[in-house]
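What follows is each chain in one-letter form.
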Amino acid sequence: MLKEMLAQDPGNKLARYGLAMEYSGAGETDAVVAEFKKLIEQDALYANAYFMAAQALQRAERPEEAKEMLGKGIAAAQRAGNRHAESEMQGMLDELEAGY
């Protein structure tokens, strides 16, 4: 259903986010990241897209990619003035850099 919605309206951020989360639940990391990247292309300040993509990468044991995504997400959150998202992503980045 979400794919149909996106076929009709590729700019539907909510449908794109939902599809990415469906892929996440199925453990399809590459599809998750691809959908979140499309969402980021639509809205570069959508901090949660960076965060959720980084979490999927972390679960897939791809820490370097997760760190890169978090770095971009932190910068986007700073540009948007979203201190909460910035803090959440910085905390995750700190954990990844510490090796947790």
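You'll find the structure just up there.
From a predicted model like this one, the values you see are computed outputs, not experimental measurements.

Trainee: Residues and numbers for the side chain of threonine 29, please.
Mentor: Structurally, threonine 29 is set in helix 3 (residues 29–42). Owing to a relative accessible area of 14%, threonine 29 belongs among the buried residues under this scheme. With residues up to four places along the chain from it excluded, the contact list for threonine 29 reads Ala56, Leu57, Ala60 and Arg62.

Trainee: Please set out helix 5 (residues 63–80) residue by residue, giving values where relevant.
Mentor: An ideal rise of 1.5 Å per residue puts 26 Å on 18 residues; helix 5 measures up with 25 Å between its terminal C-alpha atoms. Within helix 5, burial applies to Ala66, Met69, Leu70, Gly73, Ile74, Ala76 and Ala77. Viewed along the axis of helix 5, the buried residues span an arc of 165°, placing them on a single side of the element. Exposed positions of helix 5 whose direction lies more than 90 degrees from the buried face are Glu64 and Arg79. In this fold, the buried residues of helix 5 make contact with helix 3, helix 4 (47–59) and helix 6 (83–98). Glycine 81, located one to two residues past helix 5, shows a positive phi value of around 70°.

Trainee: An account of the packing of aromatic side chains is needed here, citing residue identities and associated values.
Mentor: Under the defined criterion, the tally for this structure stands at 2 aromatic pairs. Ring geometry for tyrosine 17 versus tyrosine 46: centroids 6.2 Å apart, planes at 15°, classification stacked. Taken together, the positions of tyrosine 17 in helix 2 (residues 13–25) and tyrosine 46 in the loop between helix 3 and helix 4 put the pair 29 residues apart, joining distant regions of the chain. Classification of tyrosine 17 by relative accessible area gives buried; the value is 17%. Pairwise contacts between aromatic rings join Tyr17, Phe36 and Tyr46 into one cluster.

Trainee: I'd like a description of the pattern of salt bridges, backed by residues and values.
Mentor: Pairing between side chains of opposite charge can happen when the charged atoms of each approach one another. In the structure shown here, the tally under the stated rule is 8 salt bridges. Of the charged contacts in the structure, one is a salt bridge between lysine 38 and glutamate 35, with a shortest N-O distance of 3.5 Å. Taken together, the residues lysine 38 and glutamate 35, both in helix 3 and 3 residues apart, mark about one turn of the helix. Looking at lysine 38, the relative accessible area reads 39%, which means it is partly exposed. Residue glutamate 68 is joined to lysine 72 by a salt bridge in which the shortest nitrogen-to-oxygen separation is 3.3 Å.

Trainee: Please set out unusual backbone geometry residue by residue, giving values where relevant.
Mentor: Backbone phi values are negative for most residues with the exception of glycine, while trans is the configuration of most peptide bonds. The backbone of glutamate 61 shows a phi angle near 60°, a positive value even though the residue is not glycine. When you line up the elements, glutamate 61 lands in the loop between helix 4 and helix 5. Given the relative accessible area of 68%, glutamate 61 is considered exposed.

Trainee: Describe the nonpolar core, and please don't skip the residues or the numbers.
Mentor: Residues Phe36, Met69, Leu70 and Met89 are the most contacted members of the largest nonpolar core, which totals 32 residues. Elements supplying a minimum of two residues to this core: helix 2, helix 3, helix 4, helix 5 and helix 6. The element contributing the most residues to this core is helix 4, with 9 residues.

Calculation notes
- Counting restarts for each chain, with residues numbered from 1 along the sequence as it is written.
- Only residues with pLDDT of at least 70 are given local features in this predicted model, and only at 80 or more are side-chain atom pairs given and counted; all residues enter the totals for whole chains, interfaces and linings.
- Remark: hydrogens and water are excluded; side-chain values derive from all non-hydrogen atoms of the structure.
- Runs of H or I in DSSP of at least four residues are treated as helices and runs of E of at least two as strands, each being numbered from the N terminus.
- Accessible area is worked out with a 1.4 Å probe on protein chains only. A residue is then buried under 20% of its type maximum, exposed over 50%, and partly exposed in between.
- It only takes one pair of heavy atoms within 4.5 Å for two residues to be counted as in contact.
- The length a helix should cover is 1.5 Å for every residue beyond the first.
- This arc corresponds to the set of directions leading from the helix axis out to the C-beta atoms.
- Any pair of Phe, Tyr and Trp rings, taking the six-membered ring for Trp, is counted once the centres come within 6.5 Å. Such a pair is stacked with planes under 30 degrees apart, edge-to-face with planes over 60 apart, and tilted for the rest.
- Only one rule defines a salt bridge in this text: a Lys or Arg side-chain nitrogen within 4 Å of an Asp or Glu carboxyl oxygen.
- As used here, the term nonpolar core means buried Ala, Val, Leu, Ile, Met, Phe, Trp, Tyr and Cys residues forming a set that is joined through side-chain atoms within 4.5 Å.

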